[in-house]
Amino acid sequence: MTLALVLTACAACTDNPRDGGTPPEEEIRQNTGVIATDPAASRGPAPEVPGATSGGTVTIFRETALARLDPQRIYSFMGLSVSQLYARRLTTYADDGNGKLTLVGDLAETPGTDVNRDCRTWEFRLKENVRFETGAPVTARDVAYGIARSFDLTLAGGPTYLQEWLADTPQYDKVYDFAADRTALPPGVEVPDDRTLRLTFPKPHCDLPFAAALPATAPVPAAADTGLDYDRKPIATGPYLIEGRTGDTELRLVRNPQWDATTDAVRHAYPDRFTLAFGADPVTQTNRILAAQGADAAAVSYDGIPPSLIPKVTGDSLLRSLTPRHSVLNINTRRVTDLAVRRALNAAINREELVKALGGAAVARPVTTLLPPSTIGWHDYNAYPALPSLGANVPELVLAYPDDAEGQIQGTALANSLRKAGFKILTKPVAADDFLHEIQRADNSWDLYPDYWAPDWPSGAAVLPALYDGRGIKASGGNNGTSYLDSRALDAEFDRILALPLDAQGNEWAALDEKIMREYAPAVPLYVEMTCTVRGPRLGGLFVDGVFGSPAFVNAFVRG
């Protein structure tokens, strides 16, 4: 998932893990342990949260409204977090708040069965007594229908892993036309009986249990599908249902009486309701929460703490953790073709000075790897600790950056680093709203530009193939891999590792990370971001989601 840069500052913060304990002051959050092999781990109810009480309203502040509710169209951090409350998926994560993630069955009894042990055919057996808010039981056909509608480009916006994997092409809409026959199923999707869903892929996809944790696998009853209007009020399967919304200012969720805690290994339903309040800026949000008047005492800011208010926020009000959101300076390998130059660029950047310019260690942490530290199997290395001499072979390079406050800080710091190292750098500010679109054009005219990536699950499979598989480069634009690295030898490595058993992939992705940097140097890894936000004194049970780096609400409760 590519994203815009959003950094919040937080000095002298203390992490707030899920269990209320105190983690080490300096944190590297590396996820561990991920697939539940014991079916008991997928059964409910979820372990009680110490000190949790039932009742009350949790308020979530955000400056801008939530864009999507339709589970097949969600692809924002807030959407992914909030949808956990009302939309169950085939699988989901049990997260201890400190990086220990266990992938468990959500709708399914287990995280999935690799039928032939070749990662091509997967089966999911649905749990009993999982119901929609209407009282109707959730069937495998409802899950299959949800996947089928994700092929419809008029309902686009969500992730496309399943569609591309099933169709074996990024042009999945050419393989299966949902609008032509809504009773048909996409290629590779079968429903042998009401509780069994079978997915068969032309190529091995050992990461399928992770991809199944995205809300694209949420069930949708065909009779309730209203197309684009389904976004207004999707039918809930989680502990909460959507009561209503008031324009772009408020969204209200209340308990779903059809949700059965014994079927859910992850979620609780402690509060009576959640209110998402939109419109207030981060300064107002933080001041209201610190004042703790009325409902604000049980509120959390989704936007984070602005630097001017950092000194006012201390102790249990803070919620902080490193995130998987990873920043790089991409090198356009179609323009900067000399590997020696790309290696020298890596050695030239002063990451510590860059992080300091952005707000210091409280907002980000320097990294020299292509994978963020939260990736399973990650190991640290620095391929280019010393600046080599390029002699007279020093090219003039154009560095583009978003023309907003943060982009200007970053562009200036990067240009200064490179100039100090002897590079000739021209800077090109680009309208911030157009920046992502422009660098995703394969024919863009710049040599260097910052870019960002947040993996959809904590595996190298959600990073390296997504960014460096040359077969995915589209002439029409919309490219995720904006270094435009295109190597058939590397593509073969992606295919090889993707076909390995999941527990064998972590070290292989980490090794390939280093190989790409040493043999191709397509980017300069810069830093990973920090989530730092404030919560009211009556709000408990929050932690930072280990997959998306955003506040998680599944354990939230209001103190009496």
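These figures come from a predicted structure and were not determined experimentally.

Cut-offs and rules
- Residues numbered from 1 in each chain as written.
- Predicted model: local features only at pLDDT ≥ 70, side-chain atom pairs only at ≥ 80, totals over all residues.
- Heavy atoms only, no water.
- Helix = DSSP H or I, 4+ residues; strand = E, 2+ residues; numbered from the N terminus.
- Expected span 1.5 Å × (residues − 1).
- Buried < 20%, exposed > 50% of the residue type's maximum accessible area, 1.4 Å probe, protein only.
- Core = buried A, V, L, I, M, F, W, Y, C linked by side-chain atoms within 4.5 Å.
- Contact = heavy atoms within 4.5 Å.
- Disulfide = S-S within 2.5 Å.
- Pairing = 2+ DSSP bridges.
- Axes fitted to C-alpha atoms, helices over the stretch in contact; angles between N-to-C directions.
- Phe/Tyr/Trp six-rings, centres within 6.5 Å; stacked < 30°, edge-to-face > 60°.
- Patch = residues over 30% accessible without salt bridge, like charges linked within 9 Å, V, L, I, M, F, W, Y side chains within 5 Å.
- Areas by Shrake-Rupley, 256 points an atom, 1.4 Å probe, with all protein chains shown as cover.
- Salt bridge = Lys/Arg side-chain N within 4 Å of Asp/Glu carboxyl O.
- Lys, Arg positive; Asp, Glu negative; His and termini not counted.
- Charge placed at Lys NZ, Arg CZ, Asp CG, Glu CD.

S.K.: An account of helix H8 (residues 405-420) is requested, with residue identities and associated values reported.
M.R.: Look at H8: 23 Å from first C-alpha to last across 16 residues, which is about the 22 Å you get at 1.5 Å a residue. If you check which residues of H8 are buried, you get Gly407, Gln410, Gly411, Ala413, Leu414, Ala415, Ser417 and Leu418. Glycine 422 sits one or two residues past H8 and shows a positive phi near 105°.

S.K.: I'd love a proper account of the nonpolar core, names of residues and values included.
M.R.: Phe274, Leu276, Trp457 and Leu464 are the most contacted members of the largest nonpolar core, which totals 109 residues. With 6 residues, the single largest contributor to this core is helix H2 (residues 140-149). Not counting chain neighbours up to four residues away, the residues in contact with phenylalanine 274 comprise Val58, Ile60, Leu85, Tyr240, Leu251, Arg252, Leu253, Phe553 and Ala556. In terms of nonpolar packing, the next biggest core, distinct from the first, is built from 27 residues, Ala415, Leu418, Phe423 and Leu526 among them.

S.K.: For the state of the cysteines, give the residues involved together with the corresponding values.
M.R.: Two cysteines joined by a covalent bond between their sulfur atoms form a disulfide. All told, the structure shown has 1 disulfide when counted by the stated rule. Disulfide pairing is shown between cysteine 119 and cysteine 206; the S-S distance is 2.0 Å. The chirality of the disulfide connecting cysteine 119 with cysteine 206 is right-handed, given an S-S dihedral of about 100°. Of this pair, cysteine 119 sits in the loop between strand S4 (113-114) and strand S5 (121-125) while cysteine 206 sits in the loop between strand S7 (196-200) and helix H4 (208-211), and the two are 87 residues apart along the sequence. Since its relative accessible area comes to 6%, cysteine 119 is described here as buried. Classification of cysteine 206 as buried rests on a relative accessible area of 1%.

S.K.: Describe the sheet that holds strand S10 (residues 273-278), naming the residues involved and giving the relevant values.
M.R.: Taken together, the 5 strands give an open sheet; going across it, the order is S8-S9-S10-S1-S11, and neighbouring strands pair in mixed fashion. Strand pairing shows two members of the sheet lacking a second neighbour, strand S8 (240-246) and strand S11 (299-301), which therefore form its edges. Strand after strand, the sheet turns through a mean of 20° between neighbouring axes, direction not considered. Inspection of the sheet shows strand S9 (residues 250-255) paired to S10 by 5 bridges, in the antiparallel sense. Bridge pairing links leucine 251 to leucine 276 in S10.

S.K.: So what about the packing of aromatic side chains? Which residues, and what values?
M.R.: All told, the structure shown has 12 aromatic pairs when counted by the stated rule. When the ring of phenylalanine 151 is compared with that of tyrosine 176, the centres are 5.2 Å apart and the planes differ by 90°; the resulting orientation is edge-to-face. Taken as a pair, phenylalanine 151 in the loop between H2 and helix H3 (161-167) and tyrosine 176 in the loop between H3 and strand S6 (189-193) lie far apart in primary sequence, 25 residues in all. With respect to burial, phenylalanine 151 and tyrosine 176 carry one shared label: buried.

S.K.: Can you explain the environment of alanine 298? Please cite residues and give values.
M.R.: One can find alanine 298 in the loop between helix H5 (282-291) and S11. Considering only alpha carbons, one finds alanine 298 and valine 130, 168 residues apart in sequence, at a separation of 30 Å.

S.K.: I'd like to hear about a negative patch on the surface, residue by residue, with values.
M.R.: There is a patch of like negative charges on the surface, built from Asp403, Asp404, Asp433 and Asp434. Topologically, aspartate 404 is positioned in the loop between strand S14 (396-402) and H8. Aspartate 404 sits in the partly exposed class, given a relative accessible area of 32%.

S.K.: So what about the pairing of S5? Which residues, and what values?
M.R.: Successive side chains on a regular strand alternate, one facing one side of the sheet and the next facing the other. Strand direction decides the pairing type here: S4 and S5, joined by 2 bridges, are antiparallel. Bridge assignment links threonine 113 to a residue of S5, and that residue is glutamate 123. Between S4 and S5, which pair antiparallel in sequence order, lie 6 residues; one of them, arginine 117, sits at a positive phi of approximately 55°.

S.K.: Quick rundown of the sheet that holds S4? Include the residues and the values.
M.R.: An order of S4-S5-S7-S6 is seen for the 4 strands of this open sheet, with the pairing classed as antiparallel. Here the strands that pair on one side only, and so sit at the sheet edges, are S4 and S6. In terms of strand pairing, S6 meets S7 through 3 bridges, oriented antiparallel. Note on S7: the bridge partner recorded for aspartate 193 is threonine 196. Packed onto the sheet, H2 meets S6 and S7 and runs at close to 35° relative to S7.

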